[in-house]
Amino acid sequence: MVWWLNKAVGSLINLLFLPFSSLPPWVAMLVISLLTALLMLFIYKKISNQQGIRRVKNRLKASLLEIRLFQNDMRTQLQSQKELLSANLQYLLYNLKPLLVMIWPIFLILAQLNLWFASQPPRPGETFLVKASFIKTVDLERLNLDLEAPDGLLVETPPVRILDEGQVAWRLKVTGPVREPLVIQVNGERYQKQIPAGKSRLSRVSAVRVKRNLWQELPYPGEKPLPADSLLKRIELNLQPQRLSLAGIGLHWLLAYFLLSVILGLALKGLFRVEI
Amino acid sequence: MAGRKNDEILKRREFLQMVLGTSAGLMLTPGRAFLRTAGRKETGLKVLVLGMDGLDTVLLNRFLEDGQLPHFRKLAAAGTYRPLRSSLPPQSPVAWANFITGTNPGGHAIFDFVHRDPKTYLPVFSASESLPAKHNLRLGSLNIPLSGGEIRNLRRGRAFWQILEDYDIPATVFKIPSNYPPVETRQRTFSGMGTPDLKGYYGLFNYYTNEYKTVTEEYGGGGRVHDVYVIGHRVEARIPGPNNPFKRGHPETFVDFKVFIDPVNPVAKISYQDQEFILREKEWSGWKKIRFEFIPFQSVSGVCMFYLKEVRPKFKLYVSPVNIDPSDPALPLSTPESYSRELAKKFGPFFTKGLPADTAALENDVLDEKEFLAQDEIVYQESMAMLEEELKNFRSGLLFFYFSNADQRQHMFFRLIDRDHPAYDEKLAAEFGRVILQTYRDMDRALQLAMEKVDRNTVIVVMSDHGFCPFRRGFNLNTWLLRNGYHVLRPGTRPEEVSLFQATDWSRTRAYGVGLNALYLNLKGREAQGLVRPEEKEALLRELAYKLEQVTDPLTGERVILKAYLPSEVYSGAYLAEAPDIILGFNRNYRISWNSPLGSFPRELIESNPQKWSGDHMTSPDLIPGVLLAGRPARLESPALEDVTAGILSLFGIKIPPEVTGRPVF
């Protein structure tokens, strides 16, 4: 269920970003932020009590005016403060409902954007770690374990087995174009892991493949989950983080996304007559 | 911090530089961020100087004759090949300062690696000094520096690139020694020898092992051994960082790290902060970033390399000195400040510590010969990549580019080409006896790269600051002074147990030795407890010089000191008064012993040097000249370092300033 939901959202985002693959990542970020702002404005307008919000904002303004006008009247001041608090609470309650609705599409979008903006695909000559995490009951020393690297990848080290953490790690080097997935063999079972590659400036990088589980799958939508009965819990690539460059400063994509979405949302709310 | 207004807000970097200067013996130079690069003039002629530290005429001649160095031969045939007279003493900081300023130590005030403080008689570094913050606010265990500390370059005199700047001639000066912190200029410069690591040392490595091991944490550098335990195939340890200037008492900072060892395979995963990497046994990690936190939102960044020497049966992990991160330098590395970041952006992290090869690790058997060379090869490859980049951008003016490899490898491998050296080892010689030749060939390749990349309007100059000779025997100057009655210890003292003159009776002492070639009188009015009256000085100096020149080695019958120089006879300039009272010019195969320079009195007057540090350059400068090769004929038969400076200025048509005492070689 979660997988299919993620797949649907993912397909939409993939389609959306297709024209921007050769452009700087900022372009795609701007577009998705704009669409997010529009979506959120739409949801907010439909879900929230617009008249109630308008009223409560008027109450807030009135209270602030009272506080300013009747500075020498202690009783009015106290009453205005009480009214201000009450109106604030009411305002928060009006926002709660749309927030509870908006959080789900936002979460799905964030998980997808994480694939596009969080990590850099490894380039030829670069190395990275592959980490396989196993369920607690597995004895790593007795496990029949093998790593099959496709063309374009070289396994540089034997596995490092960290017994008390149930983790096995290898170091791999990119030697050329990688078209096939990496395969981890565990007691004869084969588990695949996509290896992000490509030279485009904007590319989808799935760094983690997790086991079938609602709370694991939601944040890591890049690949089909590992079977629920698998000994493997998670396969992870330790890739270089990606930053959006702004005047020479590397900006985390999440910060850029939130800032842009909020700014665009506030800028467009008047156009769509949304009371926030 | 002169000129800074009180109400000016400190920028974070300046603040960090300030407080680091306080804690780690380092400093800051203000305002560099606003400097623009100098020199817009398009010069018809360009000058490329390759500074190859320690290239020796005797060896170069031999390798040229053997046909090993085709590009050196080509350059020599096209213009000039001469021995280049070195400085007195022929130590790198002194020699390069001669070249930088075009004058002798009397004009630039660098007389030795180590000077002494006449108030305390203790050794101090000659190249730079740090001054702590004068005002601090203490809140509980917190210490907030309120005013600026300072890092000072102690070299005096103007650098030749500052003179070029006056004429709007652009210059890039890469890693020239004796320029830390880089002097204020609008030219592109990057500091070289003398640049400390992030802890403020000249290089302090860390070694983690469960084997019994001791190493020397010496004056200004060396290494530290950390005893670790392998428990459940896991090692937990910490990397020491700079002292924390924000905490009372300035405690050392640390970064914890873990090593996960595979139960069977010779491989381990290392993790700390956001770093995670796997190393096989006998493998280098490449550069890894590391961040030391002082207080929330205040930290400094460094870069270091890991080398997994052994996993089993003993665990052995070497971590290089933590270099200042060039992409986020906490201390001044370059002018303009952005130059360092530009390089880091292009090349990633690179060696910023003055002398990058870890000779102390080889000396202490933490790295073996092969491992040391692997590390130095990284240094060389980094240099070559950066030289190529600089040559690509070299359009006008002057480019100076420095190589440390020949100096460092000759220091450590001379024992394997000198059969009479106490540390000569036939087996090692068979394996590593060609390292020095190989290094000269590496330098030839650097010259080849330069020849291929420059245009016809470029004059190529290859120079070294001094030559090399074996260091077989060490002379204990302070022991000699003690035995001859010039230095007196308090009664009941066992001389061989003394260090830093702790037991000296200064009221009866007339002379003492500090530094590598220097002897000082305990002069009244200058030293804190001076004894020698100024009117006695000259006679005493002549007496000492005469007697020192008579010292012979009973083992070989050779004179130990070829010439004891008096500064008034060999130096000139504004800083003559700061010079040592006698400068020792040792004979070939001799130098000062290991312990004498720091105020010790070993039992033997002359002792064998069994160490790997087996080649050196503290003799009389006539014995070990450097080399000068250039694509232009030389006017002088026997040029000196400062003549090259004058020659470069004259190539650009600049009138030689009076403070430059050299004569134009071209």
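These numbers come from a predicted model, not from an experiment.

1. Quick look at the interface of chain A and chain B
Counting residues at the interface gives 13 residues for chain A, matched by 13 residues for chain B. Breaking the side of chain A that touches chain B down by element, the ones donating at least two residues are β4 (160-162) and β5 (167-174) of chain A. If you tally residues by element for the side of chain A that touches chain B, the top one is β4(A), at 3 residues. Here the residues of the side of chain A that touches chain B are counted per class, giving 7 nonpolar, 2 polar and 4 charged.

2. So, the domain arrangement of chain B
Residues and elements named next belong to chain B. Domain annotation for chain B reports domain 1 (45-110 + 155-195 + 354-468 + 624-666) and domain 2 (473-608). Taking only C-alpha atoms, the centre of domain 1 and the centre of domain 2 are 31 Å apart. Here the residues of the side of domain 1 that touches domain 2 are counted per class, giving 5 nonpolar, 6 polar and 1 charged.

3. A look at the sheet that holds strand β2 (residues 145-148) of chain A
All names here are of chain A. A sheet is described by the order of its strands in space; here 3 strands give the open sequence β2-β6-β7, paired in antiparallel fashion. At either end of the open sheet lies a strand with only one pairing partner, and these are β2 and β7 (189-193). Pairwise comparison of adjacent strand axes, ignoring direction, gives a mean angle of 20° for this sheet.

4. Some thoughts on unusual backbone geometry
Residue and element names in this part refer to chain B. Following Leu88, the chain continues into Pro89 via a peptide bond in cis, with omega recorded as -5°. By the secondary structure assignment, Pro89 is in the loop between β2 (80-84) and α4 (92-101). Notably, His233 is not glycine yet its phi reads approximately 60°, a positive angle. Mapped onto the fold, His233 is located in the loop between β13 (221-227) and β14 (234-243). Here the phi dihedral of Phe501 falls at roughly 55°; this positive angle occurs in a residue that is not glycine. With respect to the secondary-structure elements, Phe501 resides in the loop between α13 (477-483) and β26 (511-513).

Cut-offs applied
Residues numbered from 1 in each chain as written. Chains lettered and ligands numbered in written order. Predicted model: local features only at pLDDT ≥ 70, side-chain atom pairs only at ≥ 80, totals over all residues. Contact = placed C-beta atoms within 7 Å. Helix = DSSP H or I, 4+ residues; strand = E, 2+ residues; numbered from the N terminus. Nonpolar A, V, L, I, M, F, W, Y, C, P; charged D, E, K, R; others polar. Domains from an automatic or database assignment. Pairing = 2+ DSSP bridges. Axes fitted to C-alpha atoms, helices over the stretch in contact; angles between N-to-C directions.

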